[in-house]
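# Chains, contacts and geometry: an overview
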Amino acid sequence: MRTHITIAIFLLALIAGAQQNFSLSIEDETLTSVIKSLAKTYDLKFSYSPRVLSKHRITKDIRARSQDELISKVFENQPFELKLTDGIYLVIPIKEEPKEKPIIGQVYDGESGEPLAFAHVKTEDKGTLSAPSGRFSLPPTPDTVTLTVSYIGYEDMELKVAPNQGNITLRLNQNPQELQEVVLTAETDNFNPDPSFFSLNPQQFSSLPMLGETDVFKTLQLLPGVRATDETSSGLILRGSVPSQNLVLMDGFTLYNLDHFFGIFSTLNPNAINNVSIYKGGFGPQYGGRVSSVIDVTGKNGGTDGFNGYAGLNMLSFNTTLNFPLGSKTSALFAFRQSFTDIVNSDLYQDFLTSSRQNFLESISPELNAISLSPSLQFNDINAKVQHRFSQRSALDVNFYASEDFYEANYIDGDEFAEYEVLDESNWANAGISLNLKSQLSPTWYNNTTLSASEYREDESVSITQTFLQDLSFGEDSIAANTSFVYFNHSIGSSVGDVTIKSENEIDLDDQNSISGGIELNTISTNYETSQSFLVDLTSTVGYTDTLNIEAGIFSLYGNYQFKKDDITTNIGLRTSFYDQTDKWYLEPRFDMGIRLNDRFSIKGAASYHHQFITQTSLSILQNTDQFYWVLADDKIIPVQRSTHFIFGGNYSFNKWSIDAEYYNKRTEGIVENQFLVLPPEVIALLLQEELNLSGQNFSEGLDLFIKYRNKTFTSWLSYSLGRSENSFWYRNQNNPYPSQQDQRHELNFTNILKLGKWELSSVLLLGTGQRYTPANPEFGIDNDSESIYDLSTINSEKLPAYKRFDLSAKYNFNLGKLQCETGVTLFNVFNYQNTKSRKLTVRYVFDEQSNANNATDRIDVIPLDTKLLGFTPNFFFNIRF
């Protein structure tokens with residue numbers, strides 16, 4: 001027994017000694033030097049590449065029971081395989097399995113090379129929509145798959161894609177016969193997680209009933225949450241907010257006014273537009289400066305493959321668009337619209353003019369009307385774009401836009417002694433330019449840098465001139481015949497302009513995570529001047545001139561993290577802005593999420609915070625016009641507006657139907673009533689001294705419902721909006737809310753588009769609650785001290801009659817040789833419903849002409865002035881493409 005124990009102890013000692021002999025400490029050495037040390041210490045042989053192994057450094061403290069274990073631990077977790085062959089250790093680099101990469105690429109127009117936003121891109125089991133830049137990304141796949149790409153108006157494309165194929169460029173060929181299928185991307189079969197978002201291509205809606213021609217903003221008014229019950233305004237009232245709270249971008253520059261013809265249709269030429277994206281609320285941190293909504297317009301590029309164009313004519317204007325190459329990598333587009341109403345006064349023109357100006361004219365004299373004024377009203381606009389592609393990954397766009405409206409009218413009346421002339425003039429114009437450099441710096445890194453400038457200006461005036469037709473004497477004074485005096489003159493001029501530099505980056509970290517962010521610098525200036533003069537006697541006048549000029553700078557930083565995996569998409573963003581007028585930073589967190597619960601049902605929601613540093617007000621004596629003036633905030637008289645958005649909704653799709661519903665809740669602080677902006681400076685100073693808050697709040701909430709049916713030849717949708725919008729001010733009933741001017745409880749739109757061979761037929765039915773108005777003050781009278789003819793205790797408590805309208809349109813497509821032609825008719829307000837836009841009050845003095853003055857009963861009558869909207873209005877059009 002003792003012999004056995006002795007042998008065991010001896011063996012254990014040998015084992016322990018062996019373990020201690022095989023140890024190695026390595027401190028930041030290359031594998032090459034480690035192998036050389038092992039070969040020398042233990043007389044081993046290695047076969048390896050010194051160049052490859054010298055790139056790898058290790059730090060380890062190794063204890064091993066054998067040489068083989070020691071060498072194995074040296075190469076543990078290293079990208080090498082170790083083999084022992086004929087007494088030689090072979091060090092073989094391991095070929096790494098390629099990491100699965102997402103399927104990424106861009107979708108372009110095959111002719112013009114412009115990106116196609118919101119194209120459908122899908123494999124057998126996954127789908128997505130391309131971004132405004134044309135980019136798309138799908139999850140990686142271990143096998144070769146078939147990629148299908150479709151876009152309305154283009155031929156479908158199928159492409160075999162291998163795993164890790166890399167960036168894919170897809171060019172789709174146009175197919176005009178497919179334009180009749182209307183798609184609003186918020187309602188597509190592909191999962192779109194963005195709340196309150198819609199996108200459209202204007203050409204898809206060319207067959208809808210429109211005044212004049214296809215109108216981008218009139219088409220947007222057919223969506224839920226966008227008021228459509230006023231055809232004389234292109235400004236969008238979205239979810240109970242005023243149009244000035246919307247950010248409107250055209251290729252990167254800001255548009256401050258959208259009206260042609262006093263709002264009959266918008267200033268944007270539909271033939272120069274590639275895509276329009278609208279965010280009705282809850283928008284991401286890449287957008288700032290407004291508290292309600294965003295409308296982002298992307299213009300068309302010209303073509304590099306050859307010359308083509310478009311020409312159109314209707315009862316108000318003509319339109320032409322030209323696309324042409326400037327070399328193999330450069331393209332150009334030029335679009336021009338011009339009214340001819342100064343030459344041909346069509347019945348349609350007369351209807352527009354009466355609707356636009358009659359209220360103002362009646363406020364001067366009940367005998368005046370728009371036609372008797374011998375008016376002249378015309379407009380024009382220009383779009384131009386040049387794009388140069390340095391490569392498939394880099395392009396530079398130069399964009400230019402300008403529009404202008406002119407209105408002039410005069411009225412002459414009088415008697416044998418004198419005559420007077422009323423001259424009414426108005427002129428407003430937009431201009432914008434931008435340089436946009438788009439670059440793909442790597443397969444996963446994109447940059448978009450924009451330098452832009454824009455301006456809006458407006459001038460309007462009213463003057464009354466009296467001319468004496470005979471020699472007159474007043475005591476020692478006398479007036480010679482044909483002498484004229486301007487005894488009243490009022491003019492207003494205003495402008496707003498900005499310069500913006502913005503650089504944005506987007507990086508795809510992997511197939512599920514991406515980050516984006518950017519920097520933006522804005523300089524904004526607003527200018528306002530008004531003057532008024534009165535003739536006191538025959539030799540002198542009195543009057544005043546007021547000016548207000550403000551400049552401000554805004555510096556913004558923003559970032560966003562996106563997580564996107566299969567059926568879940570989440571965005572977490574933050575925007576922060578420094579406003580130099582208040583010397584403060586403003587934080588704006590943004591969040592949205594979309595979840596697809598199954599193949600048919602998805603839910604989505606958003607919560608966000610926004611600021612606005614510029615506001616719009618009406619300071620015009622032209623009481624019924626939609627002309628407004630921009631003023632920068634100082635957070636004293638003009639506050640910085642703040643708004644909080646909460647949105648929740650869902651989408652259910654089955655067969656060819658889709659149903660989308662969203663609840664929204666929006667609270668905006670810092671709104672100001674217009675009349676306070678025209679108070680005398682000493683009154684405003686007194687109010688500020690008393691630290692009285694002149695600003696108020698708006699609260700809007702509602703439900704948007706969108707039901708759509710679509711097949712190859714027929715598209716139908718129903719939009720319903722249920723909402724309320726209320727204002728509250730401390731001086732209005734102790735902050736008790738009252739309906740805002742934008743309050744509308746119900747609105748329903750029913751739209752249908754049908755293609756029958758070469759014919760395209762469409763109809764639109766609109767029903768809506770009437771406009772709000774304030775009733776007359778029952779105590780106002782000639783013997784009463786009341787200063788207002790309005791009952792300010794019941795602001796906007798009354799409603800005008802409900803709005804009703806039914807429109808029809810028919811379009812016929814045909815070819816004349818190589819020319820593609822279309823002609824048709826639009827019947828606007830087929831049943832001639834007499835809708836009212838607004839109601840204002842004016843005063844008529846009635847004098848009792850009894851011979852006995854003591855018995856005379858003079859009085860004041862308060863007369864409502866209703867601005868009527870258009871009745872039955874036909875329009876014919878003819879367009880050609882070449």
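Computed from a predicted structure; not experimentally measured.

## Looking at a negative patch on the surface
On the surface, Asp 413, Asp 415, Glu 416 and Glu 419 cluster together to form a negatively charged patch. Topologically, Asp 413 is positioned in strand S24 (residues 394-414).

## Quick look at the sheet that holds strand S10 (residues 145-150)
What the four strands build is an open sheet, ordered S8-S7-S10-S11; its pairing is antiparallel. Two strands in the sheet have a free side with no partner beyond their single neighbour: strand S8 (127-129) and strand S11 (157-161). Between one strand axis and the next, the sheet turns by 20° as a mean value, whatever way the strands run. Pairing analysis gives five bridges linking S10 to S11, with the strands arranged antiparallel. Note on S11: the bridge partner recorded for Thr 148 is Glu 158.

## Quick notes on the pairing of S24
One face of the sheet, then the other: side chains in a regular strand alternate in exactly this way. Note: strand S23 (residues 376-391) against S24, 15 bridges, orientation antiparallel. By the bridge assignment for S24, Ser 391 is matched with Ser 394. The antiparallel hairpin formed by S23 and S24 contains two residues in its connecting segment. The pairing of S24 with strand S25 (residues 418-442) spans 21 bridges and is antiparallel. Residue Asp 413 lies in a different strand from S25, and its bridge partner there is Tyr 420. Connecting S24 to the antiparallel partner S25 that follows it, the hairpin turn spans three residues.

## Here's the deal with the packing of aromatic side chains
Here the structure, examined in full by the defined rule, presents 22 aromatic pairs. Ring centres of Phe 555 and Trp 585 lie 6.3 Å apart, and the angle between their planes is 80°; on these two criteria the pair is classed as edge-to-face. Residue Phe 555 is located in strand S31 (residues 541-565), and its partner Trp 585 is located in strand S33 (residues 584-596); the two are separated by 30 residues in the primary sequence. Relative to Phe 654, the ring of Tyr 652 has its centre 5.5 Å away and its plane inclined at 40°; by these criteria the two rings are tilted. Taking relative accessible area as the criterion, Tyr 652 reaches 34% and is therefore assigned partly exposed.

## Topic: a nonpolar patch on the surface
Judged by side-chain polarity, Leu 326, Val 386, Val 398, Phe 400, Ile 433, Leu 435, Leu 451, Val 499, Ile 501 and Leu 521 come together as a nonpolar surface patch covering roughly 780 Å² of accessible area. Those elements that place two or more of their residues in the nonpolar patch are S24, S25 and strand S29 (483-508).

## Considering the side chain of Asp 397
Structurally, Asp 397 can be placed in strand S24. Here the side chain of Asp 397 touches Gln 387 through a polar contact of 2.8 Å, side chain to side chain.

## Comments concerning helix H4 (residues 67-74)
Among the residues of H4, those classed as buried are Leu 70, Ile 71 and Val 74. Buried residues in H4, looked at end-on, bunch into an arc of 95°, giving them a common side. Among the structural elements, strand S1 (23-30), helix H2 (31-42), strand S2 (45-47), strand S3 (57-63), strand S4 (80-85) and strand S5 (88-93) are those in contact with the buried residues of H4.

## Re H2
Helix length check: H2, at twelve residues, gives a terminal C-alpha distance of 16 Å against a target of 16 Å (1.5 Å per residue), a fit within 8%. Among the residues making up H2, those that are buried are Leu 31, Thr 32, Val 34, Ile 35, Leu 38 and Tyr 42. The arc enclosing the buried residues of H2, seen along the axis, measures out at 165°, which places them on a common side. Of the exposed residues in H2, those oriented more than 90 degrees away from the buried face are Lys 36, Lys 40 and Thr 41. Where H2 terminates, the next one or two residues include Asp 43, which has phi positive at roughly 55°.

## Some details on the nonpolar core
One recurring pattern in soluble globular proteins is that nonpolar side chains are buried together. Membership of the largest hydrophobic core comes to 33 residues, with the highest contact counts inside it found for Phe 217, Leu 220, Leu 255, Leu 268, Val 276, Ile 278 and Ile 295. Of all elements in the fold, only strand S13 (197-200), helix H5 (216-220), strand S14 (246-250), strand S18 (273-279), strand S19 (293-299) and strand S43 (759-768) reach the threshold of two or more residues within this core. The residues touching Leu 255, leaving out its near neighbours within four places in the chain, are Val 248, Met 250, Leu 268 and Tyr 401. Phe 265, Ile 550, Ala 633 and Leu 870 belong to the second-largest nonpolar core, a separate cluster that totals 30 residues.

## Topic: the environment of Val 248
For Val 248, the position within the fold is in strand S14. By relative accessible area, Val 248 is classed as buried at 5%. Placed 30 residues apart in sequence, Val 248 and Ile 278 show a C-alpha to C-alpha distance of 9.3 Å. Dropping the residues within four chain positions of it, Val 248 is found in contact with Phe 217, Phe 253, Thr 254, Leu 255, Leu 258 and Ile 295.

Cut-offs used in this document
Residues numbered from 1 in each chain as written. Predicted model: local features only at pLDDT ≥ 70, side-chain atom pairs only at ≥ 80, totals over all residues. Heavy atoms only, no water. Patch = residues over 30% accessible without salt bridge, like charges linked within 9 Å, V, L, I, M, F, W, Y side chains within 5 Å. Areas by Shrake-Rupley, 256 points an atom, 1.4 Å probe, with all protein chains shown as cover. Salt bridge = Lys/Arg side-chain N within 4 Å of Asp/Glu carboxyl O. Lys, Arg positive; Asp, Glu negative; His and termini not counted. Charge placed at Lys NZ, Arg CZ, Asp CG, Glu CD. Helix = DSSP H or I, 4+ residues; strand = E, 2+ residues; numbered from the N terminus. Pairing = 2+ DSSP bridges. Axes fitted to C-alpha atoms, helices over the stretch in contact; angles between N-to-C directions. Phe/Tyr/Trp six-rings, centres within 6.5 Å; stacked < 30°, edge-to-face > 60°. Buried < 20%, exposed > 50% of the residue type's maximum accessible area, 1.4 Å probe, protein only. Polar contact = N/O pair within 3.5 Å; in protein donor to acceptor, adjacent residues only side chain to side chain. Arc of directions from axis to C-beta. Contact = heavy atoms within 4.5 Å. Expected span 1.5 Å × (residues − 1). Core = buried A, V, L, I, M, F, W, Y, C linked by side-chain atoms within 4.5 Å.

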